[in-house]
There are 2 protein chains.
Amino acid sequence: MKPKIQSAAEQVYNHLLDEIVKGTRPAGGKLSEEHICAELGVSRTPAREALMLLHRDGLVERFPRRGCFVKSQDPAEIAELFECRAWLECLALEQGFELIPDAALAKLEQALTPVGKLTRAASLKVDDQLHALILESCPNRHLREMVGQMLLRTHPFRVWRTQVDAPVEAISRERLAIIRAIRRRDRVAAARLLREHIFGGREMILKIAAQQAAAGGAGV
Amino acid sequence: MKPKIQSAAEQVYNHLLDEIVKGTRPAGGKLSEEHICAELGVSRTPAREALMLLHRDGLVERFPRRGCFVKSQDPAEIAELFECRAWLECLALEQGFELIPDAALAKLEQALTPVGKLTRAASLKVDDQLHALILESCPNRHLREMVGQMLLRTHPFRVWRTQVDAPVEAISRERLAIIRAIRRRDRVAAARLLREHIFGGREMILKIAAQQAAAGGAGV
DNA sequence: TGGTTTAGGATTGTATACAATGTGCAATCT
DNA sequence: AGATTGCACATTGTATACAATCCTAAACCA
């Protein structure tokens, strides 16, 4: 493990990325360049660069001469986001289907075996690993990049689920079904289950968004 | 038409984008910040920003502390690029299938009618319009963005075809078949024809790349 | 009282100066 | 002769200063 020295711009980028993805930075919040500089102890140049990178990732909106804001998505946009992710991830799954190593799948299946008593954190971790596995097994680099972007953009919404009483066991069963379908190399079933899994997540997110809109008034 | 005042960074971006897409800047060529400044009469800050945007578009490679280069793609990468574009564009076509206005299709069909005597330029123009139509009719914004990126990244290779005696008439017939399939709302046929059309283009590009590799020695 | 205008402050866009790092060549040593 | 080390140069990364624009709000006029 080398210390991996990284530039100031990368540090700012990673810091802000982490905060946005984890939900620390509220959606719609302003990202003033000077404020970021003061907070992280760098000059405006790397701060600007980091904001541009976050804009590239679709996590930040930039308005010329007005500044940057953490991207706030209305329900329609969220729906489109998950829709697109479902398409692309299913595509990636189908393309790399034969390349997914059974050993990794077995490990994931084992991590899910006592489906009844899984903590939410453990379930989420397996979810990450499953989607990462699908991503990495895709042989087409461009598709990999795009699926990665979709995962990144939808990631901020995952924390929402922790705020609601998500049916952990049912969702874990969905994941298990996907993994087993891949293990027995049932292409169409795996793709269908994956799509349904992502769309199920979308519905849950949209439900929470509707609740928030009803409660908070102003959208996210 | 407002003059649409644009920032220095945008001007540099548009300028370089145009040059790269049109093939004026040779693939693999270095893009020195200072050199660009001197050429376009701006300072290094907007030049850097433009290079970052081109990097985002996948048209420029950035090596830390070493500089930027026009992205040079080996045949395997080119193949992957067109493959990914075919998948995404077919997806976009299917999603926006019913939304493609017949009037626009009719216009394109008319522009192709005397298939025998079409200039290469006219044929390319119709190609642009056809793919733009498919892109714009897709209702999912994220998918639109991604298909747009794919079109951008594959665009530099289109000029290659002008260097070879591409069978203009045959390709025009392919386009006509796609348009007619959409007009009669034959979903599966349209998707299949579009995929074959893009893959055909890929094969042609790869053939030329192989020729260039054989002739020039060093890759693009 | 309500709308318009204009000064003020704050923030982004751009230019430039400085610091850090990589590259290439030449001199030296084995 | 070949490899290696050291130095000079070129280029990128960062910091800071200046210019242009936008937002706010108070003052002004009808």
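Described below are features of the structure shown in this document. Everything numeric in this text was worked out from a predicted model, so none of it was measured. (Residues numbered from 1 in each chain as written. Chains lettered and ligands numbered in written order. Predicted model: local features only at pLDDT ≥ 70, side-chain atom pairs only at ≥ 80, totals over all residues.)

### Structural notes on the overall build of chain A
Thought 1: Summing up its helical and strand segments, chain A has ten helices and three strands in all.
Thought 2: Secondary structure elements of chain A occur, N-terminal to C-terminal, as α-β-α-α-β-β-α-α-α-α-α-α-α.
Thought 3: Its C-alpha atoms give chain A a radius of gyration of 19 Å, near enough to 17 Å, the size a compact globule of 220 residues would have.
Thought 4: If you line up chain A on its principal axes, its C-alpha atoms span 55 × 45 × 30 Å.
Thought 5: Taken across its 220 residues, chain A has 30% of its residues classed as buried.
Thought 6: Considering only residue pairs separated by 6 or more positions, chain A has 75% of its internal contacts joining residues 24 or more positions apart. (Helix = DSSP H or I, 4+ residues; strand = E, 2+ residues; numbered from the N terminus. Rg over C-alpha atoms; globule rule 2.2 N^0.38 Å. Buried ≥ 20, exposed ≤ 12 C-beta atoms within 10 Å, placed from the backbone. Contact = placed C-beta atoms within 7 Å.)

### What about the relation of the copies chain B and chain A?
Thought 1: After a rotation of 180 degrees and a shift along the axis of 0.0 Å, chain B superposes on chain A with an RMSD of 0.0 Å. A rotation of that kind, with that shift, is consistent with a two-fold axis. Across chain B, the smallest distance between a C-alpha and the rotation axis is recorded for B:Arg56, namely 3.4 Å.
Thought 2: When you check the interface residues of chain B against chain A, 100% turn up at the interface there too, and the contact is symmetric in its surfaces. (Least-squares fit on C-alpha atoms with pLDDT ≥ 70 in both.)

### Remarks on the interface of chain B and chain A
Thought 1: With 16 residues of chain B at the contact, the number on the chain A side is 16 residues.
Thought 2: Counting only elements with at least two residues in the side of chain B that touches chain A, the list comes to helix H3 (44-56), helix H4 (75-95) and helix H7 (141-154) of chain B.
Thought 3: Top element by residues in the side of chain B that touches chain A is H4(B). It accounts for six residues.
Thought 4: Taken together, the residues that form the side of chain B that touches chain A break down as eight nonpolar, three polar and five charged. (Nonpolar A, V, L, I, M, F, W, Y, C, P; charged D, E, K, R; others polar.)

### Considerations on the protein's contact with DNA strand D
Thought 1: By nearness alone, 17 residues border DNA strand D, and A:Ser7, A:Ala8, A:Ser43, B:Glu33 and B:Gly67 come closest of all.
Thought 2: Elements with a minimum of two residues in the surface near DNA strand D: helix H1 (8-22) and helix H3 (44-56) of chain A together with helix H2 (33-40) of chain B.
Thought 3: The element that contributes the greatest number of residues to the surface near DNA strand D is H3(A), accounting for three residues. (Near = placed C-beta within 6 Å.)

### Thoughts on the protein's contact with DNA strand C
Thought 1: Around DNA strand C sit 16 residues, and of these A:Glu33, A:Gly67, B:Ser7, B:Ala8 and B:Ser43 come closest.
Thought 2: The dominant element in the surface near DNA strand C, judged by the number of residues it contributes, is H3(B), at three residues.

### Details of the sheet that holds strand S1 (residues 30-31) of chain B
All names here are of chain B.
Thought 1: What the three strands build is an open sheet, ordered S1-S3-S2; its pairing is antiparallel. The open sheet has two edge strands with one neighbour each: S1 and strand S2 (60-63).
Thought 2: Pairing of S1 with strand S3 (residues 67-70), which is carried by two bridges, proceeds in the antiparallel orientation. Bridged to Lys 30 within S3 is Phe 69.
Thought 3: Against the sheet, H3 makes contact with S1, S2 and S3, and its axis sits at roughly 115 degrees relative to S2, the strand it touches most. (Pairing = 2+ DSSP bridges. Axes fitted to C-alpha atoms, helices over the stretch in contact; angles between N-to-C directions.)

### Concerning H3(A)
Thought 1: In this model H3(A) runs 18 Å from its N-terminal to its C-terminal C-alpha over 13 residues, within 8% of the 18 Å that 1.5 Å per residue would give.
Thought 2: In the core, the buried residues of H3(A) are packed alongside H1, strand S1 (30-31), helix H2 (33-40), strand S2 (60-63) and strand S3 (67-70) of chain A together with H3 of chain B. (Expected span 1.5 Å × (residues − 1).)

### Some words on the pairing of S2(A)
Residues and elements named next belong to chain A.
Thought 1: Across four bridges, the pairing between S2 and S3 is antiparallel. What sits directly across from Val 60, in S3, is Val 70.
Thought 2: Here S2 folds back onto S3 in antiparallel fashion, the turn holding three residues, of which Arg 65 has a positive phi close to 65 degrees.

### Points about unusual backbone geometry
Thought 1: Notably, A:Arg65 is not glycine yet its phi reads approximately 65 degrees, a positive angle.
Thought 2: Tracing the backbone shows A:Arg65 in the loop between S2 and S3.
Thought 3: Given 5 C-beta atoms within a 10 Å radius, A:Arg65 is considered exposed.
Thought 4: Despite not being glycine, B:Arg185 shows a phi value in the positive range, around 55 degrees.
Thought 5: Looking at the element boundaries, B:Arg185 is found in the loop between helix H9 (168-183) and helix H10 (187-216).

### Section: the sheet that holds S1(A)
Thought 1: Strand order in the open sheet formed by three strands is S1-S3-S2 (chain A), and the pairing between neighbours is antiparallel. Two strands lie at the open edges of the sheet, namely S1 and S2 of chain A, each paired on one side alone.

### Observations regarding the packing of helix H5 (residues 102-112) of chain B against helix H6 (residues 120-137) of chain B
Residue and element names in this part refer to chain B.
Thought 1: Packing of H5 against H6 brings their axes to within 10 Å, and their N-to-C directions diverge by 160 degrees. Between H5 and H6, the angle falls in the class roughly antiparallel. As for how H5 packs across H6, the hand of that crossing is left-handed. Between H5 and H6, the residues in contact are Ala 104, Leu 108, Ala 111 and Leu 112 and Val 126, Gln 129, Leu 130 and Leu 133, respectively.
Thought 2: Among the residues making up the contact of H5 with H6, the classes are represented as seven nonpolar, one polar and no charged. (Parallel < 35°, antiparallel > 145°, perpendicular 65-115°, else oblique. Left-handed = near helix turned anticlockwise from the far one by under 90°.)

### A look at helix H1 (residues 8-22) of chain B
Residue and element names in this part refer to chain B.
Thought 1: Taking 1.5 Å of rise per residue, the 15 residues of H1 would be expected to cover 21 Å, and the 21 Å separating its terminal C-alpha atoms lies within 8% of that figure.
Thought 2: Within H1, burial applies to Ala 9, Val 12, Tyr 13, Leu 16 and Ile 20. On an axial view of H1, the arc spanned by its buried residues comes to 100 degrees, and they lie on one face. Relative to its buried face, H1 has exposed residues pointing more than 90 degrees away, namely Asp 18 and Lys 22.
Thought 3: For H1, the elements touching its buried residues are H2, H3 and S3.
Thought 4: Once H1 ends, the next one or two residues include Gly 23, with phi positive near 90 degrees. (Arc of directions from axis to C-beta.)

These results come straight from atomic positions and should not be treated as a statement about function.
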